[in-house]
Amino acid sequence: MTTGADRRPFIAGNWKMNLDHLQAIALVQKLAWTLKDAAYDPKGVEVAVFPPFTDLRSVQTLIDADRFDLAFGAQDLSPKDSGAYTGDISGAFLKALDCSYVLVGHSERRQGHGETDEVVNAKVLAAVRHGLVPVICVGETEAELEQHGTSAVPVAQTKAALAGVAAGTPVVVAYEPVWAIGTGKVATPETAQEVGAAIRAAIAEALTEEDAAATRILYGGSVKSGNIAGFLRQPDVDGALVGGASLDPTEFAGIARFPKHVGV
Ligand code: PEP
């Protein structure tokens, strides 16, 4: 049975709609050098960046040519595989660019683009069909927190996202309270643990106990190098999804080097 100690911590940087392909190259180079200078150990932490679609080819070429120990993924994908869907991007195209991961159901997609639980589920299934690991984003708004309490919405969103997913399929789940994204407000490590444990139980119900034990659960919402340690000390928090702070390579590298300050 997989245990928490077997889950490789994951630090993921969501660039959102920032940085063109030239700026992307500069950031990835600086990030890789900063991590190297800091003697970052990729065996102990997986670091990934999620640039805009238009940067992916440049990021892929750079990481491949310079053999950087960085993973990368896209911020969204189409639920469809190909055809008359103007503006959409197929998971097949992302896989052809060597993306390992794809964000699905980020709150900015749920809120700004009307993505329902059904759409998120269709996107998760599309990611899996194309051999991409979906990073499924779940989280409650402030109003939902008041109405339903801490874990209800993230648990319901996790179960909905995993409908029809086969046992043994690798996924990542990111708990991102909507009220904490880009606001400077942070959930407490204790809340992140409570929700992380509830999400893990939901994965066990939707898939299997073994899947639940193997799945990495991230916290996201105003994570910085100064507050990451508290989250990563929690047994059911296996990493972070980082927005704003991932645009600063020094700060992001500081987050990726969390084991140093967690003292584990
Ligand atoms: C995010 O966009 O996923 C996020 C967590 O943003 P920030 O770190 O800026 O709150």
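For the structure itself, look to the data block above.
Residues numbered from 1 in each chain as written. Predicted model: local features only at pLDDT ≥ 70, side-chain atom pairs only at ≥ 80, totals over all residues. Heavy atoms only, no water.

(A) Looking closely at the pattern of salt bridges. All told, the structure shown has 13 salt bridges when counted by the stated rule. In this structure, Glu 115 and Arg 109 form a salt bridge, with 3.1 Å as the shortest nitrogen-oxygen distance. Residue classification places Arg 109 among the partly exposed positions, given a relative accessible area of 24%. Lys 123 is paired through a salt bridge with Glu 115; the nearest N and O atoms lie 2.6 Å apart. For the pair Lys 123 and Glu 115, a shared accessibility class is recorded, and that class is buried. Within this structure, Arg 7, Arg 200, Asp 236 and Asp 238 form a network of salt bridges that share partners. (Salt bridge = Lys/Arg side-chain N within 4 Å of Asp/Glu carboxyl O. Buried < 20%, exposed > 50% of the residue type's maximum accessible area, 1.4 Å probe, protein only.)

(B) Representation of the sheet that holds strand β6 (residues 172-175). With parallel pairing, the eight strands of this closed barrel are ordered in space as β1-β2-β3-β4-β5-β6-β7-β8. Taken pair by pair, the neighbouring strands of this sheet meet at an average axis angle of 25°, ignoring direction. In the sheet, strand β1 (residues 10-14) pairs with strand β8 (residues 239-242) via four bridges, with the strands oriented parallel. In the sheet register, Ala 12 faces β8, and the bridge partner there is Leu 241. (Pairing = 2+ DSSP bridges. Helix = DSSP H or I, 4+ residues; strand = E, 2+ residues; numbered from the N terminus. Axes fitted to C-alpha atoms, helices over the stretch in contact; angles between N-to-C directions.)

(C) Summary view of the pairing of β6. By the alternation rule, side chains of β6 split into Val 172 and Ala 174 and Val 173 and Tyr 175, which are all buried. Alignment of strand β5 (residues 133-138) against β6, held across four bridges, turns out to be parallel. Note that in β6 the partner of Val 135 across the bridge is Val 172. Where β6 and strand β7 (residues 216-220) come together, four bridges link them in parallel fashion. Note on β7: the bridge partner recorded for Tyr 175 is Tyr 219.

(D) Up close: the site of the ligand. Taken together, 14 residues are adjacent to the ligand, and Lys 16, Glu 176, Gly 182, Ser 222 and Gly 243 come closest. Between the ligand and Asn 14, the relevant distance is 3.4 Å, taken from an oxygen atom to a side-chain nitrogen or oxygen of the residue. Residue Glu 176 places a side-chain N or O atom 2.7 Å away from an oxygen atom belonging to the ligand. The protein chains hide 95% of the 300 Å² of surface that the ligand would expose on its own. (Near = heavy atom within 4 Å. Polar contact = N/O pair within 3.5 Å; in protein donor to acceptor, adjacent residues only side chain to side chain. Areas by Shrake-Rupley, 256 points an atom, 1.4 Å probe, with all protein chains shown as cover.)

(E) Spatial organisation of the packing of aromatic side chains. The full count for this structure, using the stated rule, is four aromatic pairs. With a centroid separation of 4.8 Å and 35° between ring planes, the pair formed by Phe 10 and Tyr 101 is classed as tilted. Here Phe 10, found in strand β1, pairs with Tyr 101, found in strand β4 (residues 101-104); they are 91 residues apart in sequence, far enough to count as distant. For Phe 10, a relative accessible area of 0% puts it in the buried group. Ring centres 6.4 Å apart and planes at 50° place the aromatic pair Phe 50 and Tyr 101 in the tilted group. Separated by 51 residues along the polypeptide, Phe 50 in strand β2 (residues 46-50) and Tyr 101 in strand β4 bring together distant segments of the chain. Given the relative accessible area of 0%, Phe 50 is considered buried. (Phe/Tyr/Trp six-rings, centres within 6.5 Å; stacked < 30°, edge-to-face > 60°.)

(F) Just the side chain of Arg 7, in detail. Assignment of secondary structure puts Arg 7 in the segment before β1. Within the local environment of Arg 7, its side chain forms a polar contact with the backbone oxygen of Ala 213, the two atoms lying 2.7 Å apart. Sequence-distant contacts of Arg 7, that is, excluding residues within four places in its chain, are made with Arg 200, Ala 213, Ala 214, Thr 215, Arg 216, Pro 235, Asp 236 and Asp 238. (Contact = heavy atoms within 4.5 Å.)

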